[in-house]
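# Results of the structural survey
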Number of protein chains: 2
Amino acid sequence: MANRRMIMSAFFFNPQGDHRMSWRHPGAPGKEIFGLDYFRRLAGAAEEAKMDAIFLADHVAIWDSYESNIAHYANTRLEPLTLLSALAAVTSNIGLISTASASYTEPYNLARTFASLDHISGGRSAWNVVTSGMNEEAMNFGRDGNIEHAYRYERAAEFLETAKALWDSIEEEALLFDKRSGFFADPARVHRINHVGKHFKVRGPLNVPRPPQGYPIIVQAGSSEDGKVLAAKHAEINFSLSRSIEEGKKYRADFDARLITNGRTPDSLKILPGILPIVAASASEAEEKRDFLESLTPPRLAVDLVSSWVGKDLSSFPADGPVPELPDEGTFNGQRTNLIRVKAMAAQGMTIRQIASQVAKAGTAPVMAGTPKQIADEMEAWFIEGAADGFNLMFPVLPGDWQDFTRDVAPELQRRGLVQREYAPGTLRDKLGLQRPANMFVSAR
Amino acid sequence: MANRRMIMSAFFFNPQGDHRMSWRHPGAPGKEIFGLDYFRRLAGAAEEAKMDAIFLADHVAIWDSYESNIAHYANTRLEPLTLLSALAAVTSNIGLISTASASYTEPYNLARTFASLDHISGGRSAWNVVTSGMNEEAMNFGRDGNIEHAYRYERAAEFLETAKALWDSIEEEALLFDKRSGFFADPARVHRINHVGKHFKVRGPLNVPRPPQGYPIIVQAGSSEDGKVLAAKHAEINFSLSRSIEEGKKYRADFDARLITNGRTPDSLKILPGILPIVAASASEAEEKRDFLESLTPPRLAVDLVSSWVGKDLSSFPADGPVPELPDEGTFNGQRTNLIRVKAMAAQGMTIRQIASQVAKAGTAPVMAGTPKQIADEMEAWFIEGAADGFNLMFPVLPGDWQDFTRDVAPELQRRGLVQREYAPGTLRDKLGLQRPANMFVSAR
Ligand SMILES: Cc1cc2nc3c(=O)[nH]c(=O)nc-3n(C[C@H](O)[C@H](O)[C@H](O)COP(=O)(O)O)c2cc1C
Ligand SMILES: Cc1cc2nc3c(=O)[nH]c(=O)nc-3n(C[C@H](O)[C@H](O)[C@H](O)COP(=O)(O)O)c2cc1C
């Protein structure tokens, strides 16, 4: 624990910030979200503050089950691997965590892209493995609706096995570049993987050499049972949503047990709960900032949001009445965590309007609002108590909250010795204290 | 014709150069081909010389039908879209042409990536649409061997229709960013494409707004009949292989007729023949450079290369004997042009060894070797006679031949007023005089 330090990941899905209606904020960017400069500045500020990584969420669809989604929600953004590849060229130390779907890509293609990003960035890539739970996503890839939950996670597990074999398929020592003899490679160290499984048949080898990090760091987000099983086996970073230190500690303990079952040590998985940091001169100013944000959500959008969470159109039911019967979570094919959350609120007797207003709020992660000192205190408490190895910073409004945090909170955390003051040398794995995985073909010899 | 100028595209597949054994050349790079700096310098030199574009070829496999391929051939490289995204961040005018397979990717994913690259680069992206003819490629994507030729091109055509609809799905005027009213977008200008075809079912809309260029510039390379049909319908640049001015003019005339049949004007397709420029102080020095390169190919590799071109292992036949019976080109599933070329040599009575040595030579494109003035003369003749709208520069050895050309030949062409001295403003389409395509949803209104 001596050298343990907080890991800081700066997150976004909407480039205007994590609040659903952040784009309406006076400080939010306009069309510059489709150019590189905006992100170059964000990345620069993060690197200046010695943050560990930028984390880009992703969906392979527009959210448009309801017309209000298109009208009011900022549905468009750049593809994250393209954006992070560009940012790799203009940054030098920060980690680049990209979300990519294991349900709607091919292992050979995705393994190549991550391997290439890892080479280009000098070993700074990480892959947030998601399984894409939206109907809208399924319909962009030949299907009529979402694929069954367990099937998606089964495919993701096979995808990871396949990708790892591909990353290993050209051993570190395979490429000789021996101009004199004419031997470019040692054929004994270049492997066909000959993977044949339920979901994939891939011969290999990959045509990119093993990434500097061996594999990109494997990240998993979210906490359904299937997701935890996948994470306990493969993930090295888990993005979690815990509402309190107590919950965070329970979550950690649960994962520690799972890791041990998988023959892994607890320190091989870093858990980073999402938090919404809002820097303000005082607690009341922070409160005003939140209230203002909440005022930005059109009521119809809020109801439609709940409808899409529960897979049932609630807009025809009286807004001040109770929630009608909802699907069974055991067989629900969307994001089960969300369905369960709405059911809990309904069970407390909340009306549709009340639930909609609750759901539309800044997010499901805890808000840490206040002065830099207050925010640092709270983060320190989570960290010291073992509820977090660091944080996934889900800034409500960009670029403001990101800039405020890097300018005001990061130095405070540095003064306390909780976060790094300088980047350590080496790859992202080296910097985070994560081991470089052994090559399965070398180990098998 | 008044403002007609030569288009210059700087090509590579192997980052060591287009000669198959370029990696063995004393001036060829080593492991730096997996980092960004090497390519940043190449791109910088090209931009300095006001070249129009960098063109990256690609295959989704290692070439390893024969063990000698792995041993002697430089089989590994970065994935081009990742590399070009990174280069987009450190260049500002040069076009970025990436090869991508229509056989082994999904329209939604690829359309997003190209749209994102087009935004990030300020409208400098182009897509070289290929159908991936190697068995090695098929086996990385669930198949036992290559997909039938016509089927691949049929899929590619449907892929392009789908991608274009996706690129159009968010109209230029759709995004309002109206913070006051809360309307992010005008739902009437955001479209589901509802594509249902033989190969794809894609609902859309894309979650990236229409690219600055409307579509990336569509590029097609190669000249099978199926390929020409696709190009005549969709392509705006064609990379060709013509061995003489005469052949180039015939090729142009053939395409002009095809374009007119498709309701297109001849100037909507730029034809760029590949050439291998070798700058030397004299013709004899150029000859020496070529001979040296040819001495680098191990004989076994040369025979295996022919075997893979014709889909039959020739290594067990006497090297000084005739070529055995070869597959029928009408049903051949590999690159037919290559099979036909070998058959022609066999028909002339060449032995396996002779054909192997011929095939192993620098390439199938004409070598233009000599002083800068001699090379410029030859390029000028092709251009003036209407055999080329510009050239695809396939440098035998990198970085040397690329640097020599940009330093010595480009200024000579500039002095003659044949190529640009400065970049024109705007997107790559603007710079090349290619029209921005109309949006099909706007046109349909
Ligand atoms: C912090 C965080 C970030 C996430 N990012 C993404 C994302 O970018 N794309 C995505 O499809 N899902 C994302 N998810 C969703 C999870 O991967 C997962 O689908 C969700 O938690 C529901 O779990 P389940 O799909 O296992 O039921 C994220 C979840 C969390 C907690
Ligand atoms: C200059 C040039 C570049 C090419 N680049 C690629 C490439 O990067 N990837 C690829 O799979 N094929 C590439 N090809 C092959 C063509 O797309 C095509 O497959 C080939 O010419 C044979 O034609 P066919 O496949 O229609 O039979 C290239 C061809 C030429 C002439």
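Quick look at the structure, then. (Residues numbered from 1 in each chain as written. Chains lettered and ligands numbered in written order. Predicted model: local features only at pLDDT ≥ 70, side-chain atom pairs only at ≥ 80, totals over all residues. Heavy atoms only, no water.)

With that out of the way, let us pick up the site of ligand 2. All names here are of chain B. Residues in close proximity to ligand 2 total 18 residues, the closest being Ala57, Asp58, His149, Tyr153 and Ser224. In this structure, Tyr153 approaches ligand 2 through a side-chain N or O atom, which is 2.6 Å from an oxygen atom. When ligand 2 sits alone it has 610 Å² of accessible area, and the protein chains cover 92% of it. Of all the secondary structure elements, the ones that give two or more residues to the shell around ligand 2 are β4 (125-130), α6 (149-168) and α11 (336-347). (Near = heavy atom within 4 Å. Polar contact = N/O pair within 3.5 Å; in protein donor to acceptor, adjacent residues only side chain to side chain. Areas by Shrake-Rupley, 256 points an atom, 1.4 Å probe, with all protein chains shown as cover. Helix = DSSP H or I, 4+ residues; strand = E, 2+ residues; numbered from the N terminus.)

This paragraph deals with the site of ligand 1. Residues and elements named next belong to chain A. Close contacts around ligand 1 come from 17 residues, with Ala57, Asp58, His149, Tyr153 and Ser224 the closest. At 3.3 Å, a side-chain N or O of His59 approaches an oxygen atom of ligand 1. Thr99 is positioned such that a nitrogen or oxygen atom in its side chain is 3.4 Å from an oxygen atom of ligand 1. Within the complex, the protein chains bury 92% of what would otherwise be the 610 Å² of accessible surface of ligand 1. Considering only residue class, the shell around ligand 1 consists of six nonpolar, nine polar and two charged. (Nonpolar A, V, L, I, M, F, W, Y, C, P; charged D, E, K, R; others polar.)

This part takes up the relation of the copies chain A and chain B. You can overlay chain A on chain B at an RMSD of 0.0 Å; the transform is a turn of 180° with a shift of 0.0 Å along its axis. The transformation relating the two chain copies, once decomposed into turn and shift, fits a two-fold axis. Rotation axis and chain A: the residue whose C-alpha lies nearest the axis is A:Ala86, separated from it by 2.0 Å. A symmetric contact is evident, with 100% of the interface residues of chain A recurring at the interface of chain B. (Least-squares fit on C-alpha atoms with pLDDT ≥ 70 in both. Contact = heavy atoms within 4.5 Å.)

Turning next to the pattern of salt bridges. Pairs can form between side chains of opposite charge once their charged atoms are near each other. With the rule as written, the count across this model stands at 70 salt bridges over all chains. Across the salt bridge formed by A:Asp404 and A:Arg407, the nearest N and O atoms sit 3.2 Å from each other. Residue A:Asp404 and its partner A:Arg407 are both found in helix α14 (residues 400-415); the two are separated by three residues, about one turn of the helix. For A:Asp404, a relative accessible area of 16% corresponds to the buried category. Between B:Arg300 and B:Asp304 there is a salt bridge whose closest N-O contact spans 3.0 Å. Here the residue B:Arg300 and the residue B:Asp304 both occupy positions in helix α10 (residues 299-310), the gap between them amounting to four residues, near one helical turn. By relative accessible area, which is 0% here, B:Asp304 ends up buried. Here the salt bridges share partners, and the residues they tie into one network are A:Lys373, A:Asp377, A:Glu380, A:Glu412, A:Arg415 and A:Arg416. (Salt bridge = Lys/Arg side-chain N within 4 Å of Asp/Glu carboxyl O. Buried < 20%, exposed > 50% of the residue type's maximum accessible area, 1.4 Å probe, protein only.)

To continue, consider the pairing of strand β4 (residues 125-130) of chain A. Residues and elements named next belong to chain A. Of all six residues in β4, five are buried; the element is thus mostly enclosed. Bridging between strand β3 (residues 95-101) and β4 involves six bridges; their strand directions are parallel. Its bridge partner being in β4, Ser101 is matched across the sheet by Val130. With helix α4 (residues 107-120) bridging β3 and the parallel β4, this β-α-β connection has right-handed handedness. (Pairing = 2+ DSSP bridges. Right-handed = clockwise from strand over helix to strand, strands pointing away.)

Here we take up the interface of chain A and chain B. Between chain A and chain B, the contact holds 81 residues from the first and 81 residues from the second. Buried surface at the junction of chain A and chain B, summed over both partners, amounts to about 6500 Å²; 59% is from carbon and sulfur atoms. In this structure, the connection of chain A to chain B is made through eight salt bridges. Residue B:Arg192 pairs with A:Asp64 through a salt bridge whose shortest N-O separation is 3.2 Å. Our count for the chain A to chain B interface comes out at 40 residue pairs in polar contact (both at pLDDT 80 or more). Put simply, the parts of the chain that give the side of chain A that touches chain B at least two residues each are α1 (36-48), α2 (67-72), α3 (80-90), α4, β5 (175-178), β6 (183-185) and β8 (201-202) of chain A. (Buried area = accessible area lost by both parts, 1.4 Å probe.)

A few words now on the packing of aromatic side chains. All names here are of chain A. Applying the stated criterion across every chain, the model contains 40 aromatic pairs over all chains. Pairing Tyr104 with Phe141 gives two aromatic rings, centres 4.7 Å apart and planes at 15°, and the pair type is stacked. Of this pair, Tyr104 sits in the loop between β3 and α4 while Phe141 sits in the loop between α5 (135-138) and α6 (149-168), and the two are 37 residues apart along the sequence. We classify Phe141 as buried; its relative accessible area is 9%. In textbook terms, an aromatic cluster arises when at least three aromatic residues are bridged by ring pairs, as seen for Phe12, Tyr38, Phe39, Phe395, Trp402 and Phe405. In this structure, Arg4 is placed above the aromatic ring of Phe383, and the distance from its NZ or CZ to the ring centre is 4.0 Å. (Phe/Tyr/Trp six-rings, centres within 6.5 Å; stacked < 30°, edge-to-face > 60°. Lys NZ or Arg CZ within 6 Å of the ring centre and 35° of its normal.)

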